[in-house]
Amino acid sequence: MKSENHFISQIRFVAVFATAVVCLALSQHSIAQTKAWDSASTLSGIVLPQRAKTVQSNPVPSARNIEPAPVWQNQAQPLPRIAESGRAIAPSVRRVASVAAPTTEFEPTPIAISSDGETTTDEIWWQPQVTAPMRGTTNYLNVSVESLIIGALNHSAQIETYRDLPLIREAAIVEADAAFDWTRFFDSRWNDFNDPVGSTLTTGNSSRYNNHEFSASTGSRLKNRNGGEFEIAQQIGHQDTNSTFFVPKNQGTARLKVSYTQPLLNGRGQVYNNSIVVLARVDADAASDELSRQLQSHLLEVTRSYWGLFLERGNLALQQRLLQRTQDTVDLLESRQEIDTYRSQLIRAKAALADHKSEIVRANAAVKNAEARIRALVNDPALGADEQTELVPSDLPSSVLFPAAIGDAMTSALQLRPEILQVTKQIHAACVRINVAQHEILPILNLIAQSYVAGLRGDSDIPDAMLDQFRDGAPSYSVGLQYEIPVGNRAAQARLQRRRLEVRQLESQFRATSETVKLEVEVAVREVHTAHEEMLAKGQSAQATTEELDYIKTRWENLTGQDGDASLVLDNLLRVQERVASAEYELLNAQMTYNLSLMNLKRASGTLLQSESISEQRFVEDGLPRITHEKSAGQ
């Protein structure tokens with residue numbers, strides 16, 4: 001009996017020892033697989049930051065892309081393995097189906113994008129959430145890129161500021177041309193003098209000279225476009241003195257005077273005299289180009305704000321999904337506390353859950369900031385005045401590759417970009433100024449001609465004196481030349497040199513602007529293709545990371561809870577959940593970058609207004625001209 005019991009004890013010892021050896025081997029093999037997976041992921045560039053951080057209020061700082069501020073500086077590091085204590089549960093203990101993790105929100109969703117730019121599914125999972133109200137209220141408004149552009153054209157205060165610039169410059173054209181209008185004038189004066197005299201020839205007998213005099217002049221003058229100045233004036237007067245030599249008393253006088261001055265050198269000719277009008281017109285045309293440039297830049301910002309809102313709402317949907325996945329993990333661990341879950345595992349999962357809740361708060365604030373940015377850019381009262389009205393995007397991002405060619409875009413930009421047109425007009429204006437400066441080097445030589453008729457009557461009979469202008473005597477006239485030139489003429493020479501230097505500077509500016517425009521076009525075209533390729537790669541990365549999550553989740557569900565291997569896999573599961581959110585966010589960001597690059601290409605090639613079918617209208621309102629813009633629907 002003793003030998004039999006001893007034999008049975010030996011068999012049991014051998015069985016227990018073999019079982020322990022097998023378990024140890026399986027455990028080491030599982031750990032090695034996990035480390036190998038992490039190492040391969042690191043080498044292939046799959047490892048992403050620990051969680052998708054919330055984008056700040058301005059998610060689209062440049063036309064290059066729509067990426068947020070660099071919140072990914074600290075790369076994810078493997079979490080330290082939590083030491084477990086206590087007696088290990090037998091390997092035969094497994095998770096039971098009755099407490100399995102929920103699969104509704106936990107199942108991976110295909111989100112890869114195929115090489116032709118189309119999604120492999122009808123739509124990416126977060127798009128229905130982004131394009132639907134997310135705050136649980138009925139106070140929301142659907143917006144699209146087109147509706148925001150139309151709203152900005154109709155209501156933006158900044159665009160209204162831009163529109164007034166051409167009108168202000170056009171008013172200067174009329175102001176310059178008005179220099180050639182007729183001018184009417186009227187002058188009058190009353191003089192009453194009482195002066196001592198030192199000669200009897202002044203008054204005769206009186207020691208003081210009393211003079212009462214009134215004079216008035218009215219007429220018109222005109223400067224013509226050849227530089228000549230014409231003036232016609234009727235003068236009348238009344239004078240009475242105490243001089244015995246003043247005959248007749250109470251004199252009434254009249255004089256009709258005509259004069260004309262014509263420059264023969266400096267100041268002559270229509271080219272010179274019309275130069276100020278030409279410069280005003282060039283300035284007004286440049287202002288119209290400036291309006292086009294500013295309008296395109298503003299509409300690009302409106303488009304950027306729309307995709308920024310889409311990005312923030314998409315990030316909120318990603319954070320909510322990550323929170324739900326972590327909550328499911330916590331619920332599963334809590335349900336198995338009495339079976340195979342250590343308290344350290346539950347604490348680790350709850351810590352991750354609390355972290356994700358804080359990110360939800362930040363993501364909600366970022367969405368509201370994006371809405372506020374749209375309201376500030378558009379100023380449309382229909383968008384609401386505060387965050388009570390939820391703005392819901394209705395346009396989905398496009399994934400189809402736009403066939404952009406650098407040559408075609410470059411040709412269009414050199415013909416249509418407002419910056420190129422502005423510099424061209426500035427060179428034109430500078431050439432006009434050179435011609436003016438060359439003309440002003442000439443000396444002043446004016447021909448002066450004047451003629452008048454005069455009449456005089458006593459007893460203050462001014463009407464008869466005016467008639468006598470034509471009845472008595474003959475016209476008087478005078479003709480002469482006026483010459484003037486500064487010694488050395490240094491001012492005119494320096495002015496001409498300055499104008500020539502300005503032209504040389506503008507020629508350099510034209511080359512610099514052309515090169516800048518070429519660079520922007522080249523970058524914009526390349527960005528379209530690069531962003532599309534990046535979007536495809538991010539889709540594949542997100543798909544692979546989602547499959548990795550499915551693998552880790554299945555592996556974790558099939559492991560025992562109260563051993564080191566299960567704790568390590570749990571940490572890996574929580575990290576992969578965050579990596580999935582990060583990979584999906586990068587895919588979302590790449591989509592926004594690609595769609596924004598399409599609008600930026602239109603701006604870079606100078607065709608944004610034409611491609612969006614935006615036209616300009618003018619009308620008069622309250623006696624003032626006004627410029628408006630309209631966008632054809634559906635464009």
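Structure report, in brief. (Residues numbered from 1 in each chain as written. Predicted model: local features only at pLDDT ≥ 70, side-chain atom pairs only at ≥ 80, totals over all residues. Heavy atoms only, no water.)

1. Considerations on the nonpolar core
Within soluble globular proteins, side chains that are nonpolar generally end up buried alongside one another.
At step 1: With 77 residues, the main nonpolar core has W126, L148, L299 and V521 as its most contacted residues.
At step 2: At the level of elements, helix 3 (145-155), helix 7 (275-335), helix 8 (343-378), helix 9 (406-416), helix 12 (490-557), helix 13 (564-604) and helix 14 (608-611) are the ones that each hand at least two residues to this core.
At step 3: Apart from residues lying up to four places away in sequence, L148 is in contact with V143, V302, Y306, I374, V378 and L383. (Core = buried A, V, L, I, M, F, W, Y, C linked by side-chain atoms within 4.5 Å. Buried < 20%, exposed > 50% of the residue type's maximum accessible area, 1.4 Å probe, protein only. Helix = DSSP H or I, 4+ residues; strand = E, 2+ residues; numbered from the N terminus. Contact = heavy atoms within 4.5 Å.)

2. Thoughts on the pattern of salt bridges
At step 1: In the structure shown here, the tally under the stated rule is 32 salt bridges.
At step 2: Here R498 and E502 are joined by a salt bridge, their closest N and O atoms 3.6 Å apart. Taken together, the residues span about one helical turn, with R498 and E502 both in helix 12 at a distance of 4 residues.
At step 3: R618 serves as the salt-bridge partner of E616, at 3.2 Å between the closest nitrogen and oxygen.
At step 4: Its relative accessible area of 43% is what places R618 among the partly exposed residues.
At step 5: Among the charged side chains, a salt-bridge network with shared partners connects R457, D461, D464, D468 and R471. (Salt bridge = Lys/Arg side-chain N within 4 Å of Asp/Glu carboxyl O.)

3. Some details on the sheet that holds strand 7 (residues 444-457)
At step 1: Strands sit in the order 2-3-4-5-7-8 across an open sheet of 6 strands; the sheet is antiparallel. Both edges of this open sheet fall to strand 2 (183-196) and strand 8 (476-484), since each of them pairs with a single strand only. On average, adjacent strands in this sheet sit at an angle of 20 degrees to one another, irrespective of strand direction.
At step 2: Set on the sheet, helix 11 (residues 462-471) makes contact with strand 4 (229-241), strand 5 (251-263) and strand 7; between it and strand 7 the angle comes to about 125 degrees. (Pairing = 2+ DSSP bridges. Axes fitted to C-alpha atoms, helices over the stretch in contact; angles between N-to-C directions.)

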